[in-house]
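The primary structure of each chain is shown beneath.
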Amino acid sequence: MVINWPTDAIILHIPHASTVLPADLEFLLGAENLAYEVDAMTDHHTDLLFDLSGARRCVFPVSRLVVDPERFIEDSMESVGMGVVYTHTAAGEALRAISEIDRLALINSYYHPHHTALTRMADECLEKHNQCLIIDCHSFPAQPLPYENDLNRPDICIGTDSYHTSTELKDCLLKVFEAFGYRVAIDSPFSGTIVPLKHYHKDKSVASVMIEVNRSLYADPSGFKRVQSDLTHAILQAATI
């Protein structure tokens, strides 16, 4: 079977690129430690690294320390204080004390509008093309953070969903990245990929795959340009399988 996603049926979902912290938020960390945490938890420059002309873009406007749009409202990461609204740092230190009212206010201000926008984009793709491909765009640090259980550090991690990521889509990306010389892992150190809840495990016309890039690969300008070009090429290849 041949599937061909036009570029405007592709959504680049970029949830963790922002470093913005609204001025009215209060944190328990001092300025230096807070800046360190923002730096450690940000998928730096993924809003520029993933670049595909004509594709739709859904970019979260604030830091994941405000709200993490990739969590469920009730998420298993709550057990370590890193659910939808973080209360602890990656090292397990107290990040903030927040009431349930303030927690819900953040969710209503940032989380729900972002997911409404992502769902609307997917619906528009389905209405126009009867199909949609979401690329969940991430990066990860070269050294594991304290909260991580999987210490594997490939160059590229491809995250999949059993319902929304076809074997053909996964294998195409794997083949292209390996041909470029990258060490690629599937669902390690991170797994899964985002899908709007409206379509989650309901509509196979909404395809999704996560691409995680080791940040050490694009730490300098030449590395950035190479990875940016390779990502664009890989996504275009995957758009025709």
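Please read all numbers here as calculations on a predicted model, not as lab measurements.

The subject of this paragraph is the side chain of Asp75. In this structure, Asp75 sits in the loop between strand E2 (56-59) and helix H3 (100-129). The buried charged residue Asp75 lacks any salt bridge partner; its closest oppositely charged side chain belongs to Arg71, at an N-O distance of 4.4 Å.

Between its first and last C-alpha atoms helix H4 (residues 167-179) spans 18 Å; for 13 residues at 1.5 Å apiece the expected length is 18 Å, and the two agree. When H4 is considered as a whole, its buried residues turn out to be Leu169, Cys172, Leu173, Val176 and Phe177. Taken end-on, H4 shows its buried residues confined to a sector of 120°, consistent with a single buried face. More than 90 degrees from the buried face of H4, the exposed residues found are Lys175 and Ala179. Looking at the packing, one finds that the buried side of H4 touches strand E3 (132-140), strand E4 (156-159), strand E5 (184-186), strand E6 (206-214) and helix H5 (221-238). Directly beyond the C-terminal end of H4, a positive phi value near 95° is found at Gly181.

Taken together, the side chains of Phe72, Leu197 and Tyr200 define a hydrophobic patch exposed on the protein surface, amounting to about 300 Å² of accessible area. On the basis of relative accessibility, which here comes to 46%, the residue Phe72 falls in the partly exposed class.

For the rest of this paragraph, the subject is the sheet that holds E4. Spatial ordering of the open sheet is given by E2-E1-E3-E6-E4-E5, a layout of 6 strands whose pairing is mixed. Edge positions in the sheet fall to E2 and E5, since each has one partner strand and no second. Sheet twist, expressed as the average angle between the axes of neighbouring strands with direction ignored, equals 20°. The sheet contact formed by strand E1 (residues 10-14) and E3 spans 4 bridges and is parallel. From the neighbouring strand, Ile10 faces E3, where its bridge partner is Leu133. Sheet strands touched by H3: E1, E2, E3 and E6. Its angle to E2, the strand with the most contacts, is close to 165°.

Where H4 contacts H5, the axes come no closer than 9 Å and their chain directions differ by 145°. With respect to the hand of their crossing, H4 and H5 are arranged in right-handed fashion. Counted together, Leu169, Cys172, Leu173, Val176 and Phe177 of H4 and Asp230, Leu231, His233, Ala234, Gln237 and Ala238 of H5 form the full contact between these two elements. For the contact of H4 with H5, a count of residues per class yields 8 nonpolar, 2 polar and 1 charged.

One finds Ile10, Leu12, Phe177, Ile211 and Val213 to be the most contacted residues of the largest nonpolar core, which totals 36 residues. Secondary-structure elements contributing two or more residues to this core are E1, E3, E4, H4, E6 and H5. No other element matches the 6 residues that H5 contributes to this core. Beyond its immediate chain neighbours, meaning those up to four positions away, Phe177 contacts Ile156, Ile158, Tyr182, Val184, Ile211, Asp230, Leu231 and Ala234. With 17 residues, the next largest nonpolar core counts Phe27, Leu29, Val38 and Leu145 among its residues.

The next thing to look at is the environment of Asn149. For Asn149, the location among the structural elements is in the loop between E3 and E4. We classify Asn149 as exposed; its relative accessible area is 78%. A sequence separation of 121 residues divides Asn149 from Leu28, and the C-alpha atoms of the two residues are 25 Å apart.

Of all 9 residues in E6, 9 are buried, a share of seventy percent or more. With 9 bridges joining them, E3 and E6 adopt parallel strand pairing. Counted as the bridge partner of Ser139 is Val213 from E6. Here E4 pairs with E6 via 4 bridges, running antiparallel. Along E6, the bridge assignment pairs Cys157 with Glu212.

This brings us to the packing of aromatic side chains. Going through the model one piece at a time under the given rule, you end up with 3 aromatic pairs. Between Phe177 and Tyr182, the aromatic rings sit 6.2 Å apart at their centres with planes inclined by 75°, giving edge-to-face as the arrangement. Phe177 sits in the buried class, given a relative accessible area of 1%. Tyr182 sits in the buried class, given a relative accessible area of 6%. Just above the ring of Tyr163 sits the side chain of Lys204; from NZ or CZ to the centre is 3.9 Å.

Rules used throughout
Residues numbered from 1 in each chain as written. Predicted model: local features only at pLDDT ≥ 70, side-chain atom pairs only at ≥ 80, totals over all residues. Heavy atoms only, no water. Helix = DSSP H or I, 4+ residues; strand = E, 2+ residues; numbered from the N terminus. Buried < 20%, exposed > 50% of the residue type's maximum accessible area, 1.4 Å probe, protein only. Lys, Arg positive; Asp, Glu negative; His and termini not counted. Salt bridge = Lys/Arg side-chain N within 4 Å of Asp/Glu carboxyl O. Expected span 1.5 Å × (residues − 1). Arc of directions from axis to C-beta. Contact = heavy atoms within 4.5 Å. Patch = residues over 30% accessible without salt bridge, like charges linked within 9 Å, V, L, I, M, F, W, Y side chains within 5 Å. Areas by Shrake-Rupley, 256 points an atom, 1.4 Å probe, with all protein chains shown as cover. Pairing = 2+ DSSP bridges. Axes fitted to C-alpha atoms, helices over the stretch in contact; angles between N-to-C directions. Left-handed = near helix turned anticlockwise from the far one by under 90°. Nonpolar A, V, L, I, M, F, W, Y, C, P; charged D, E, K, R; others polar. Core = buried A, V, L, I, M, F, W, Y, C linked by side-chain atoms within 4.5 Å. Phe/Tyr/Trp six-rings, centres within 6.5 Å; stacked < 30°, edge-to-face > 60°. Lys NZ or Arg CZ within 6 Å of the ring centre and 35° of its normal.

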